[in-house]
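As a plain string of letters, each chain reads:
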Amino acid sequence: MNTPLAPRKTAKRANGAQAVSKPAIPDATAAADAQAFVDSHRDAGTTELFGITELCKEFDVTLRALRFYEDKGLLSPMRINGARVYTRRDRARLALILRAKAIGSPLSEIKRYLDLYGDHGEGRAQQLSYVISRTDTAIQELEAKRAKIDETLAELRVINTTCRRQLALRKRTDQSAD
């Protein structure tokens, strides 16, 4: 059974601004009520909502990481009675953030990519062009690094082989001198 969320009480401050007090229910109850509210608003067909704990478990990230992405403007969850509630869009954005981080993209690039999408997908073509440009550059950089690594490996193999021959030659000359 879903319980209604407790309203927040407001009071006028001396300067005329309203101060919002904490709900009249304890934090654990507020969290349970917020989760119940989220659960009651789930619609499998269209708008699916996720709590912060659900996303943390699903993507194996910490609460702190999600809050960090929120602070950086990468995620923008709704607030229900102070609790963060994520939409399918936020979930998809988190998946893209983690995927981009896994290939070494800095958060500034990830934010730029996500911002290109727009509110309704109007920037999808721009997003794809950006990804093509970014991946072309990354591929070129990695191929150049691979060529340099291959060159260094070849040089190290020559040095290693030369040193082994010299050591073997020394051992033979030392044995024949005995």
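Structural data are supplied above this passage.
Nothing here was measured: the structure is a model prediction, and the numbers come from that model.

### Thoughts on the overall build of the protein chain
A count of helical and extended segments in the protein chain gives 6 helices and 5 strands. Mapped from its N terminus to its C terminus, the protein chain presents α and β elements in the order β-β-α-β-α-α-β-β-α-α-α. Out of the 178 residues in the protein chain, the part that is buried amounts to 24%. Restricting to contacts in the protein chain with at least 6 residues of sequence separation, those with at least 24 account for 45%. Looking at the protein chain as shown, the accessible area adds up to about 13,100 Å², and 55% of this sits on carbon and sulfur atoms.

### Some thoughts on the sheet that holds strand 5 (residues 83–87)
In space, the 3 strands of this open sheet follow the order 3-5-4, with antiparallel pairing throughout. Strand pairing shows two members of the sheet lacking a second neighbour, strand 3 (49–51) and strand 4 (78–80), which therefore form its edges. Put simply, the sheet's adjacent strands are angled 40 degrees from each other on average, direction ignored. Running at roughly 85 degrees to strand 3, helix 2 (residues 52–59) makes contact with strand 3 and strand 5 of the sheet.

### Concerning helix 3 (residues 63–71)
Residues Ala-65, Leu-66, Tyr-69 and Glu-70 constitute the buried set of helix 3. Looking straight down helix 3, one finds that the buried residues subtend no more than 140 degrees of arc, so they occupy a single side. Opposite its buried face, helix 3 presents the exposed residues Arg-64 and Asp-71, each directed more than 90 degrees away. Here the buried face of helix 3 lies against helix 2, strand 4, strand 5, helix 4 (88–102) and helix 5 (107–117). Two residues or fewer past helix 3, Gly-73 is found with a positive phi of approximately 85 degrees.

### Considering the nonpolar core
The biggest cluster of nonpolar side chains holds 19 residues, and the ones touching the most others in it are Leu-55, Leu-66, Tyr-69, Leu-75, Tyr-86, Leu-94 and Ile-97. Going through the elements one at a time, helix 2, helix 3, helix 4 and helix 5 are the ones with two or more residues in this core. Those residues in contact with Leu-75 that sit more than four places away from it in its chain are Leu-66, Tyr-69, Glu-70, Tyr-86, Asp-90, Arg-93, Leu-94 and Ile-97.

### Focus on the pattern of salt bridges
One pass over the full model with this rule turns up 7 salt bridges. Note that Glu-151 is salt-bridged to Lys-148, the shortest N-O span being 3.7 Å. Within this pair, Glu-151 and its partner Lys-148 are both found in helix 6 (residues 124–177), separated by 3 residues, close to a single helical turn. For Glu-151, a relative accessible area of 48% translates into the label partly exposed.

### Side note on unusual backbone geometry
Located in the positive-phi region is Asp-60, a residue other than glycine, with phi close to 55 degrees. Assignment of secondary structure puts Asp-60 in the loop between helix 2 and helix 3.

### Thoughts on the environment of Tyr-113
As for its position among the elements, Tyr-113 is in helix 5. When the C-alpha positions of Tyr-113 and Ala-100 are compared, they lie 9.8 Å apart, and in sequence the two are 13 residues distant. Not counting residues within four places of it along the chain, the set of residues in contact with Tyr-113 comprises Leu-96, Arg-124, Gln-127, Tyr-130 and Val-131.

### Things to note about the packing of helix 5 against helix 6
One way to put it is that helix 5 packs onto helix 6 with a least axis distance of 7 Å and a crossing angle of 150 degrees. By the criterion of interaxial angle, the relationship of helix 5 to helix 6 is roughly antiparallel. For the pair helix 5 and helix 6, the sense of crossing is left-handed. Contacts from Glu-109, Arg-112, Tyr-113, Leu-114, Leu-116 and Tyr-117 of helix 5 reach helix 6 at Arg-124, Gln-126, Gln-127, Tyr-130, Val-131 and Arg-134.

### Quick notes on a nonpolar patch on the surface
Together, Ile-149, Leu-153, Leu-156 and Ile-159 line one region of the surface with nonpolar side chains, adding up to about 360 Å² of accessible area. Counting through the fold element by element, Ile-149 comes out in helix 6.

Cut-off values and rules
Residues numbered from 1 in each chain as written. Predicted model: local features only at pLDDT ≥ 70, side-chain atom pairs only at ≥ 80, totals over all residues. Heavy atoms only, no water. Helix = DSSP H or I, 4+ residues; strand = E, 2+ residues; numbered from the N terminus. Buried < 20%, exposed > 50% of the residue type's maximum accessible area, 1.4 Å probe, protein only. Contact = heavy atoms within 4.5 Å. Areas by Shrake-Rupley, 256 points an atom, 1.4 Å probe, with all protein chains shown as cover. Pairing = 2+ DSSP bridges. Axes fitted to C-alpha atoms, helices over the stretch in contact; angles between N-to-C directions. Arc of directions from axis to C-beta. Core = buried A, V, L, I, M, F, W, Y, C linked by side-chain atoms within 4.5 Å. Salt bridge = Lys/Arg side-chain N within 4 Å of Asp/Glu carboxyl O. Parallel < 35°, antiparallel > 145°, perpendicular 65-115°, else oblique. Left-handed = near helix turned anticlockwise from the far one by under 90°. Patch = residues over 30% accessible without salt bridge, like charges linked within 9 Å, V, L, I, M, F, W, Y side chains within 5 Å.

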